[in-house]
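# Per-entry structural report
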Amino acid sequence: MVDAATLEKLEAGYKKLKESDSKSLLKKYLTQEVFDKLKTLKTPTFGSTLLDVIQSGLENHDSGVGIYAPDAEAYTVFADLFDPIIEDYHGGFKKTDKHPAKDWGDVDSFSNLDPAGEFIISTRVRCGRSMQGYPFNPCLTEAQYKEMEEKVSSTLSGLEGELKGAFYPLTGMTKEVQQKLIDDHFLFKEGDRFLQHANACRFWPTGRGIYHNDNKTFLVWCNEEDHLRLISMQMGGDLGQVYRRLVSAVNDIEKRVPFSHNERLGFLTFCPTNLGTTIRASVHIKVPKLAANKAKLEEVAGKFNLQVRGTRGEHTEAEGGVYDISNKRRMGLTEYQAVKEMNDGIAELIKIEREL
């Protein structure tokens, strides 16, 4: 049973949210009826409540989404809230839909989007993974954080060839190493307020770390937002190279670490926007003419389901006309199709920029 203090917090937070002018998906779909149905429920294994799910959105009325899954079971127990939000965000992925099986497609079909190097500054493709048998951030104990980091660092030390590299724990990190990782834009900071309020930053920096290969083109974040974020990236527009590197890394790591996967939702992640393929393929791109015509930029982006962000990612401005543009849909399509949406959309943006 959910205790009185939690219920009180829920009721007060919900009342404030309803009176606010929040545009979040949480506000849109947490009707009184849904709220009353879910407010007393708990997940069977970890005892997560509705408060764990929605506290970030209750604190941050400027959230776009406003909910996180404290553990894998939350997606089922609080389905009445998660399902409509998932459907809205992922472009019509309905309650009755099933995410397709993993499919990287023909890894040789992508090439360089900008061979002359006129527009694309850098390209990256990332995916998120959760380790089976562990809950997500809010429910993790300090001992589990340590245990996971140990598993991850020993697994990654087995990588060979282009992927071979080193693991840097955040705990006890020297100033030099820290500075080096900041200069390379590899270091993640303690969570932003959205994650803070979702209780994702406890025991910081315990159990957090960064792995990168010697060429600095493959990166793994351990326990930042998701258990694992696998990132392949390099300067320029060679999406083919970036994609092939990620695929070989994921396939290699998957043999050694079992990942949380759900029949209907695909790979499970802390934030519902990352479910399914968990793939975010993005470029940093300079399109000054389209930047001056924001409506046109948004129109093309919308047509290809692309998300336009500022230079430094979510909640930032475009510096010097450089945008971070990525695929928005991660569910109801395969890994290959998700990357192809980004590929085709960027090709179109470059074509229009040239014509303007």
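Rules used throughout
- Residues numbered from 1 in each chain as written.
- Predicted model: local features only at pLDDT ≥ 70, side-chain atom pairs only at ≥ 80, totals over all residues.
- Heavy atoms only, no water.
- Salt bridge = Lys/Arg side-chain N within 4 Å of Asp/Glu carboxyl O.
- Helix = DSSP H or I, 4+ residues; strand = E, 2+ residues; numbered from the N terminus.
- Pairing = 2+ DSSP bridges.
- Axes fitted to C-alpha atoms, helices over the stretch in contact; angles between N-to-C directions.
- Contact = heavy atoms within 4.5 Å.
- Polar contact = N/O pair within 3.5 Å; in protein donor to acceptor, adjacent residues only side chain to side chain.
- UniProt positions renumbered as here; feature names shortened; annotations may be inferred.
- Domains from an automatic or database assignment.
- Buried area = accessible area lost by both parts, 1.4 Å probe.

Glancing now at the pattern of salt bridges. Counting across every chain of the model gives 24 salt bridges. Among the ionic pairs, Glu299 bridges to Lys296, the shortest N-O distance being 3.9 Å. Here Glu299 and its partner Lys296 are both found in helix 12 (residues 294-303), 3 residues apart, which amounts to about one turn of the helix. Between Glu341 and Arg329 there is a salt bridge, with the nearest N and O atoms lying 3.0 Å from each other. On the criterion of sequence distance, the pair formed by Glu341 in helix 13 (residues 335-355) and Arg329 in the loop between strand 10 (322-327) and helix 13 is long-range, its members being 12 residues apart.

Before going further, it helps to spend a moment on the sheet that holds strand 9 (residues 306-309). Taken in spatial order, the 8 strands line up as 2-3-4-5-1-8-10-9 in an open sheet, and their pairing is antiparallel. The open sheet terminates on both sides in strands that have one partner only, identified here as strand 2 (165-169) and strand 9. Each strand of the sheet is rotated relative to its neighbour by a mean of 20°, with strand direction disregarded. Relative to strand 5 (residues 228-235), strand 4 (residues 218-222) runs antiparallel, the two being bridged by 5 bridges. Following the sheet pairing, Val220 is matched in strand 5 by Leu230. Where helix 10 (residues 239-254) meets the sheet, its contacts fall on strand 1 (120-129), strand 4 and strand 5, and the angle it forms with strand 5 comes to roughly 155°.

On to the side chain of Asn274, then. Within the element layout of this structure, Asn274 appears in the loop between strand 7 (266-267) and strand 8 (280-286). Within polar-contact distance, the side chain of Asn274 engages the side chain of Arg330 at 3.3 Å. Filtering out sequence-adjacent residues up to four positions away, Asn274 remains in contact with His90, Arg126, Glu225, Asp226, Arg229, Thr269 and Arg330.

Those places that UniProt annotates as "domain: Phosphagen kinase N-terminal" (unreviewed entry) correspond, in this numbering, to residues 6-91. Annotated as 59% helix and 0% strand, the span residues 6-91 places its first and last C-alpha atoms 33 Å apart.

Further remarks concern the domain arrangement of the chain. Considered domain by domain, the chain is made up of domain 1 (4-90) and domain 2 (120-355). With centres defined by C-alpha atoms, the gap from domain 1 to domain 2 works out at 25 Å. Taken together, the contact between domain 1 and domain 2 spans 21 residues of the former and 26 residues of the latter. Carbon and sulfur atoms supply 61% of the area that domain 1 and domain 2 bury against each other, a total of about 2,200 Å² over both sides. Ionic pairing is found between Arg264 and Asp83, a salt bridge with its closest N-O pair at 2.7 Å. Counting across the interface, domain 1 meets domain 2 through 10 residue pairs in polar contact (both at pLDDT 80 or more). Only helix 4 (50-59) and helix 6 (79-89) provide two or more residues apiece to the side of domain 1 that touches domain 2.

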